[in-house]
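Descriptive structure summary
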Amino acid sequence: MSPQPHAGDRRETFQAPKGTHDVLPPASGRWERLIASFAETVGRAGYGLVQQPMFEDVGVFLRMGEGTDVVTKELYDFDDRDKRRLALRPEGTASVVRAYVQHRPQVVPWKVWYATPVFRHERPQAGRYRQHHQLGVEAIGSADPDLDVEAMSLLGDWYRSLGLRQVRLVVNSMGTPADRVAYAARLTEFLRAHADELAEVDREKVETHPLRVLDSKSPQTQAAIEGAPTMLDTLSPDSVAHFDRVQAGLRAVGLDHEVDTRLVRGLDYYTHTLFEFRSDALEAAQNTIGGGGRYDGLVESLGGPPTPGVGFGSGIERVLLTCDAEGVFGGGAAPLDVFVVDVSTERTSALDLTTELRRAGLRADRAFDGRSMKSQMKSADRSGARWVAIVGDDEVAAGTVGLRDLRGETGQRAVGRASLVDEIRSATADDTHTGGPHGA
Ligand code: HAM
């Protein structure tokens, strides 16, 4: 939305740009936990974090497929002040591959993960943003079908660990680039013969992007392509063997999947395995919560030696929408342990006591601006802290703190300041054993 100038002395105000959104506490606490659980899942499989520029030379992204919407219609590209043509990243994979070619890591496969904003100038709607955020992995340097299975099972296991149950894995194979060319030719032939039956938007794609007709949302097109040849009919024997091995691997690790020969994805670099996880709890238009596949030609197209690769990306917003729809992975940030209320004359205790508690590893906060006892207690309540530690002149003189359990029935009791941390720790540990408020 464009800035709204105001009359008189009022300053103009701004909104986040269309298709973007702010993630603020306490909701952002859920993001923290989500990213941490992803890092834990993929870290266990040997993936290390990559942190990369948000923009690249536009050429990095053009290699992804100059016929795809992501590149031709949705790219945020611009000339910088040095007149270099740059673009905000419309996905994570191409940048990771650029970094691989630039640094040539010697580990095989090179396994990395990322949490990144992604920019696409799309038509915003529920679950579709112009800046969304992806968690993803890339494994570069091995053509082993087990690595395809590893990517899918890591993502599937992560979804399960969040509590998601209504998620389906759909797979297909694009074969080698040569298989794909052969298939595109066969498909184009079919589509030309049925052009009159296709929806108008799809008719335009027949010559430029025949494979994209396959995932048309139009029922008219879907009816027209009922008898279209499938990719699987055109796969070379080696590609069939790769796909068979992937499916056997999925069965071996107990990951249910369905083969959808119509599955194509919005990026052109895929070879062999292609996959999506779809949620039955979301609207069909936005129900893909994660997807990926193999891209055995991408390293080469970005100037590296022929090198295979496989990975996936999963949209944080979509995953959280799915969690909401399934009623799992709720809650915001972890609550505070203790809130310090300082009503002493000098008002110096809040600073040193809070610092002490934090250094001891507790989550502690306080009020500022010398507020009244009532107002500080209100802040303590709002903070969600389990404990409040009250310091007045009497407590300062006695070297004690008034400790009150904000969730319990018991009133305030005096605790020696030196033993405050231990008191809080042992009470919290009791909760853990009895499944109390902090004990989940
Ligand atoms: P992608 O399918 O374009 O793949 O995006 C991955 C995921 O990002 C989608 O499954 C969806 O959850 C989310 N997503 C995509 N666009 C939006 C949007 N506009 N708003 C909200 N969420 C969105 C890739 O980006 C590939 N780089 C994945 C990959 C990695 N393939 C191999 N390695």
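Residues numbered from 1 in each chain as written. Predicted model: local features only at pLDDT ≥ 70, side-chain atom pairs only at ≥ 80, totals over all residues. Heavy atoms only, no water.

From N to C terminus, the protein includes 18 helices and 16 strands. A principal-axis box enclosing the C-alpha atoms of the protein has dimensions of 90 × 65 × 45 Å. The buried share among the 440 residues of the protein stands at 49%. Residue pairs in contact within the protein that sit at least 24 positions apart in sequence constitute 68% of those at least 6 positions apart. Put simply, the protein shows about 21,800 Å² of open surface, and 51% of that area lies on carbon and sulfur atoms. Taking the 52 positively charged and 64 negatively charged side chains of the protein as two groups, their mean positions are separated by 3 Å. (Helix = DSSP H or I, 4+ residues; strand = E, 2+ residues; numbered from the N terminus. Buried < 20%, exposed > 50% of the residue type's maximum accessible area, 1.4 Å probe, protein only. Contact = heavy atoms within 4.5 Å. Areas by Shrake-Rupley, 256 points an atom, 1.4 Å probe, with all protein chains shown as cover. Lys, Arg positive; Asp, Glu negative; His and termini not counted. Charge placed at Lys NZ, Arg CZ, Asp CG, Glu CD.)

End to end, helix 12 (residues 237–252) covers 22 Å across 16 residues, agreeing with the expected 22 Å (1.5 Å per residue, within 8%). Turning to helix 12, its buried residues number three or more, namely Ser-239, His-242, Phe-243, Val-246, Gln-247, Gly-249 and Leu-250. Down the axis of helix 12, the smallest arc covering the buried residues is 155 degrees, so these residues share one side. Exposed residues on helix 12 whose side chains face more than 90 degrees from its buried face are Pro-237, Asp-238, Arg-251 and Ala-252. (Expected span 1.5 Å × (residues − 1). Arc of directions from axis to C-beta.)

Here the focus is the pairing of strand 6 (residues 131–140). With respect to burial, strand 6 is a largely interior element, nine of its ten residues being buried. Of the strand pairs in this sheet, strand 5 (residues 110–119) and strand 6 are connected by ten bridges, and their pairing is antiparallel. Bridge pairing links Lys-111 to Ala-139 in strand 6. Relative to strand 11 (residues 309–315), strand 6 is paired through seven bridges, and the arrangement is antiparallel. Each bridged residue has a counterpart across the sheet, and for Val-137 the counterpart in strand 11 is Phe-312. (Pairing = 2+ DSSP bridges.)

Turning next to the side chain of Glu-395. Tracing the chain through its elements places Glu-395 in helix 17 (residues 393–398). The charged side chain of Glu-395 is buried without a salt bridge, its nearest counter-charge being Arg-404 at 9.0 Å. When residues no more than four places from it in sequence are discounted, the contact partners of Glu-395 are Ile-390, Thr-400, Val-401, Gly-402 and Gln-412. (Salt bridge = Lys/Arg side-chain N within 4 Å of Asp/Glu carboxyl O.)

Right, let's get into the packing of aromatic side chains. Summed over all chains, the structure comprises nine aromatic pairs. Ring plane angle 90 degrees and centroid distance 6.1 Å describe the contact between Phe-38 and Phe-312, whose orientation is recorded as edge-to-face. Highlighted residues: Phe-38 in helix 1 (residues 27–43) and Phe-312 in strand 11, separated in sequence by 274 residues. On the accessibility criterion, Phe-38 (1% relative accessible area) is buried. Judged by relative accessible area, which is 2%, Phe-312 ranks as buried. With a centroid separation of 6.3 Å and 85 degrees between ring planes, the pair formed by Phe-275 and Phe-277 is classed as edge-to-face. Both residues of the pair, Phe-275 and Phe-277, count as buried. Each residue in the set Phe-38, Trp-113, Trp-158, Tyr-159, Phe-275, Phe-277 and Phe-312 is aromatic and connected to the rest through ring pairs, giving one cluster. Taking NZ or CZ as reference, Arg-33 lies 4.7 Å from the ring centre of Phe-329, over its face. (Phe/Tyr/Trp six-rings, centres within 6.5 Å; stacked < 30°, edge-to-face > 60°. Lys NZ or Arg CZ within 6 Å of the ring centre and 35° of its normal.)

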